[in-house]
Amino acid sequence: MPSFVHLHVHTQYSILDGAAFIPQLFVKAQADKQAALAITDHGNMFGVKEFLDTAKNYPDIKPIVGCEVYVAPEGRLLRKNKEEATTCHLVLLAKDQQGYRNLIKLVSKAWIEGFYYKPRIDHELLEEYHEGLIAMSACLAGELPRLILADKLKEASQLILWYKQLFGPDYYIELQRHKTKLDIENAKTCYALQKKIEPHLIALARNTT
């Protein structure tokens, strides 16, 4: 029976977001008998070398290199004001050497060409460098969840079709449930929103296969 695998993971290289140290992640994955472990830090691949070096000590755990990139809805070159710096999240995983090279290209161009408050890519770059990559719709800040929260279900369906045309069967709609025992208002709000969009994500997934 296949084990559960974490494919959306932020390490200490996701500043002000991730709190997990890479060696500890592997210790935990091994304790839980997970067959693989991914790294998907926000907008960067700074931790990839440490991740792969650490993975050598855990031959039973397959390391999966990825990144949660920032997608600029109106294009990576637009820099009018801070509002245009608003970005959508997208998780990308390399499934082979071609995907790894394309992921490096995307992240590099995000910093060199698209940086505006954050390193940003866009649909144009995804069309050019999508081969060998797996894409996931990401968290509440992803393009798809944001459209659903804005009651733009038609646009959400069109977005899924665009990604499926580009990535084929390697585009996945991500479901998240981050319930916390802590009395933190932001966490409770996120969990409520995740529950709100979940039926729509499932319905859209079924209707666009």
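Residues numbered from 1 in each chain as written. Predicted model: local features only at pLDDT ≥ 70, side-chain atom pairs only at ≥ 80, totals over all residues. Heavy atoms only, no water.

**Student:** Give me the overall build of the protein chain: which residues, what numbers.
**Tutor:** Assigned secondary structure in the protein chain consists of 7 helices and 6 strands. For the protein chain, the N- to C-terminal ordering of α and β elements is α-β-α-β-β-α-β-α-β-α-α-β-α. C-alpha atoms of the protein chain, sized along the principal axes, occupy 45 × 40 × 35 Å. By residue count, 46% of the 209 residues in the protein chain fall in the buried class. Sequence-distant contacts in the protein chain: of pairs separated by 6 or more residues, those separated by 24 or more amount to 74%. Measuring between centres, the 26 positive side-chain charges of the protein chain sit 3 Å from its 25 negative side-chain charges. (Helix = DSSP H or I, 4+ residues; strand = E, 2+ residues; numbered from the N terminus. Buried < 20%, exposed > 50% of the residue type's maximum accessible area, 1.4 Å probe, protein only. Contact = heavy atoms within 4.5 Å. Lys, Arg positive; Asp, Glu negative; His and termini not counted. Charge placed at Lys NZ, Arg CZ, Asp CG, Glu CD.)

**Student:** Just give me the short version of unusual backbone geometry, but keep the residues and values in it.
**Tutor:** Positive phi values are uncommon outside glycine, yet Leu16 reaches one of about 65 degrees. The class for Leu16 is exposed, based on a relative accessible area of 90%. Phi at Lys33 is positive, roughly 60 degrees, even though this residue is not glycine. Here Lys33 lies in the loop between helix 1 (22–31) and strand 1 (36–39). Using a relative accessible area of 71% as the deciding quantity, one classes Lys33 as exposed.

**Student:** Before we move on, could you go through empty space enclosed by the protein and cite the residues and values that matter?
**Tutor:** Inspection of the entire model under this criterion finds 2 cavities of 30 Å³ or more. Quantified by volume, the largest cavity comes out at close to 60 Å³. As for the largest cavity, its lining consists of Ala138, Cys139, Leu140, Pro145, Glu174, Leu175, Gln176, Gln194, Ile197 and Leu201. When residues in the lining of the largest cavity are grouped by element, the largest group, 3 residues, is from helix 7 (residues 185–207). The residue makeup of the lining of the largest cavity, split by class, is 7 nonpolar, 2 polar and 1 charged. Taken as a whole, the second largest cavity spans an internal volume of roughly 30 Å³. Residue lining of the second largest cavity: His89, Leu90, Ser137, Glu143, Leu144, Leu159, Tyr163 and Tyr171, and that is the complete set. Counting residues per element, the ones that place at least two in the lining of the second largest cavity are strand 3 (88–94), helix 5 (143–149) and helix 6 (153–167). When the residues that make up the lining of the second largest cavity are grouped by side-chain class, the tally is 5 nonpolar, 2 polar and 1 charged. (1 Å grid on protein atoms, 1.4 Å probe; cavity = no way out; pocket = protein on both sides within 12 Å on 5 of 7 lines; lining within 4 Å. Points joined across faces, edges and corners; volume = space filled by probe spheres on them. Nonpolar A, V, L, I, M, F, W, Y, C, P; charged D, E, K, R; others polar.)

**Student:** How would you summarise the side chain of Glu143 if you had to cite specific residues and measurements?
**Tutor:** Topologically, Glu143 is positioned in helix 5. No salt bridge is formed by the buried Glu143; its nearest oppositely charged neighbour, Arg146, is found at 9.0 Å. For Glu143, the side chain forms a polar contact with the side chain of His123, separated by 2.9 Å. A polar contact of 2.3 Å, which involves the side chain of Glu143, links it to the side chain of Tyr163. Apart from residues lying up to four places away in sequence, Glu143 is in contact with Val71, Cys88, His89, His123, Leu159 and Tyr163. (Salt bridge = Lys/Arg side-chain N within 4 Å of Asp/Glu carboxyl O. Polar contact = N/O pair within 3.5 Å; in protein donor to acceptor, adjacent residues only side chain to side chain.)

**Student:** Give a description of the packing of aromatic side chains that names residues and reports values.
**Tutor:** As enumerated under the stated definition, the model contains 8 aromatic pairs in all. Relative to Tyr58, the ring of Phe26 lies with its centre 5.4 Å away and its plane at 25 degrees, an arrangement referred to as stacked. Taken together, the positions of Phe26 in helix 1 and Tyr58 in the loop between helix 2 (48–55) and strand 2 (62–71) put the pair 32 residues apart, joining distant regions of the chain. Here the two residues Phe26 and Tyr58 agree in accessibility, since each one is buried. Joined through ring pairs, the aromatic side chains of Trp162, Tyr163, Phe167 and Tyr171 make up one cluster. (Phe/Tyr/Trp six-rings, centres within 6.5 Å; stacked < 30°, edge-to-face > 60°.)

**Student:** Explain the pairing of strand 2 to me, and be specific about the residues and the numbers.
**Tutor:** Judged by how many residues are buried, strand 2 sits mostly within the fold: 8 of 10 residues are covered. Two elements, strand 1 and strand 2, share 4 bridges in a ladder whose sense is parallel. Looking at strand 2, one finds that Ala36 is bridged to Lys62. Strand direction decides the pairing type here: strand 2 and strand 3, joined by 6 bridges, are antiparallel. Across the sheet, the residue bridging to Gly66 is Leu93, located in strand 3. (Pairing = 2+ DSSP bridges.)

**Student:** Summarise the layout of surface pockets; cite the residues concerned and give the values.
**Tutor:** Taken as a whole, the second largest pocket spans an internal volume of roughly 350 Å³. Lining of the second largest pocket is provided by 13 residues; of these, Phe4, Val5, His6, Leu7 and His8 occupy positions nearest its centre. Tallying contributions element by element places helix 1 first for the lining of the second largest pocket, with 3 residues. Residues belonging to the lining of the second largest pocket are distributed by class as follows: 8 nonpolar, 3 polar and 2 charged.

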